[in-house]
Amino acid sequence: MKNGVHETTEYLELFLRNLLLDEKNELHNRSMHISGRFKETDFESAKADIGNTEADIESQKADIRNKLLAFSDMISEKTINHTFELFSKCGKEEYFGRTIVEDITGLKSTRASELIKLLVDSKVIVSVTGHGKGKYRFQ
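The following refers to the structure shown. (Residues numbered from 1 in each chain as written. Predicted model: local features only at pLDDT ≥ 70, side-chain atom pairs only at ≥ 80, totals over all residues. Heavy atoms only, no water.)

Attention now moves to helix 1 (residues 10-21). Here helix 1 is 12 residues long and its end C-alpha atoms lie 16 Å apart, about the 16 Å a rise of 1.5 Å per residue gives. Looking one or two residues past helix 1, Asp22 carries a phi angle of roughly 55°, positive in sign. (Helix = DSSP H or I, 4+ residues; strand = E, 2+ residues; numbered from the N terminus. Expected span 1.5 Å × (residues − 1).)

Shown next as structure tokens:
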């Protein structure tokens, strides 16, 4: 997109018009190529400089803590710590299931399922579709 190349059905439409409507549109292969539109890029110098800084997730942790405590003030500090462990390993982009929760937190399957249910109910995590049943990610 940034190089001016966009999806188009122009050539398909011309082909179908020739086929179905007996038109005589020219369909030269050279007119469909996009070569020459890109300039050479030096990928080593084009890499983003991310430095040695780490993402500041403290405000996100505070938000998670607030959501959990707003849902129920009876949530233990241990449960909150398990949630923070999970968040620090998975972040907002990666999806996870019960097995990953078990691996990260050391919880047994029943307790891991209960933690997931608590996090879903308190709207800290959401269900993810397209990756199999029982996959979630942080909001």
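So much for the structure itself; the text now carries on.
Taken together, the side chains of Leu12, Phe15, Leu16, Leu19, Leu20, Leu21 and Leu27 present a nonpolar region at the surface, about 690 Å² in accessible area. Relative to the assigned elements, Leu27 resides in the loop between helix 1 and helix 2 (43-46). Take Leu27: its relative accessible area is 32%, and that puts it in the partly exposed class. (Patch = residues over 30% accessible without salt bridge, like charges linked within 9 Å, V, L, I, M, F, W, Y side chains within 5 Å. Areas by Shrake-Rupley, 256 points an atom, 1.4 Å probe, with all protein chains shown as cover. Salt bridge = Lys/Arg side-chain N within 4 Å of Asp/Glu carboxyl O. Buried < 20%, exposed > 50% of the residue type's maximum accessible area, 1.4 Å probe, protein only.)

Another point: the packing of aromatic side chains. Tallying each qualifying case throughout the model produces 2 aromatic pairs. Ring centres of Phe96 and Phe138 lie 5.6 Å apart, and the angle between their planes is 40°; this geometry places the pair in the tilted category. Pair noted here: Phe96 is in the loop between helix 4 (77-90) and helix 5 (98-105) and Phe138 is in strand 2 (residues 136-138), with a separation of 42 residues, a long-range link. Note on Phe138: relative accessible area 1%, which makes it buried. Three or more aromatic residues joined by ring pairs make a cluster, and in this case those are Phe87, Phe96 and Phe138. (Phe/Tyr/Trp six-rings, centres within 6.5 Å; stacked < 30°, edge-to-face > 60°.)

What follows deals with the pattern of salt bridges. Tallied over the full model, the rule gives 7 salt bridges. Here Glu23 makes a salt bridge to Arg17, at a shortest N to O gap of 2.8 Å. The partner of Asp22 in a salt bridge is Lys24, and the shortest N-O contact between them spans 3.6 Å. When its relative accessible area of 57% is taken as the criterion, Asp22 is described as exposed.

For the rest of this paragraph, the subject is the side chain of Thr83. Tracing the backbone through its elements, the reader meets Thr83 in helix 4. Overall, the relative accessible area of 0% leaves Thr83 in the buried class. Engagement of the side chain of Thr83 in a polar contact is seen with the backbone oxygen of Thr79, the distance being 2.9 Å. Excluding anything up to four places from it in sequence, Thr83 contacts Ile64, Leu68, Leu115, Leu119, Val124 and Phe138. (Polar contact = N/O pair within 3.5 Å; in protein donor to acceptor, adjacent residues only side chain to side chain. Contact = heavy atoms within 4.5 Å.)

Where helix 4 meets helix 5, the closest approach of the two axes is 10 Å, and the angle between their N-to-C directions is 110°. With respect to their mutual orientation, helix 4 and helix 5 come out roughly perpendicular. Contacts between helix 4 and helix 5 pair His82, Glu85, Leu86, Lys89 and Cys90 from the former with Ile100, Val101, Ile104 and Thr105 from the latter. Split by residue class, the contact of helix 4 with helix 5 holds 5 nonpolar, 2 polar and 2 charged. (Axes fitted to C-alpha atoms, helices over the stretch in contact; angles between N-to-C directions. Parallel < 35°, antiparallel > 145°, perpendicular 65-115°, else oblique. Nonpolar A, V, L, I, M, F, W, Y, C, P; charged D, E, K, R; others polar.)

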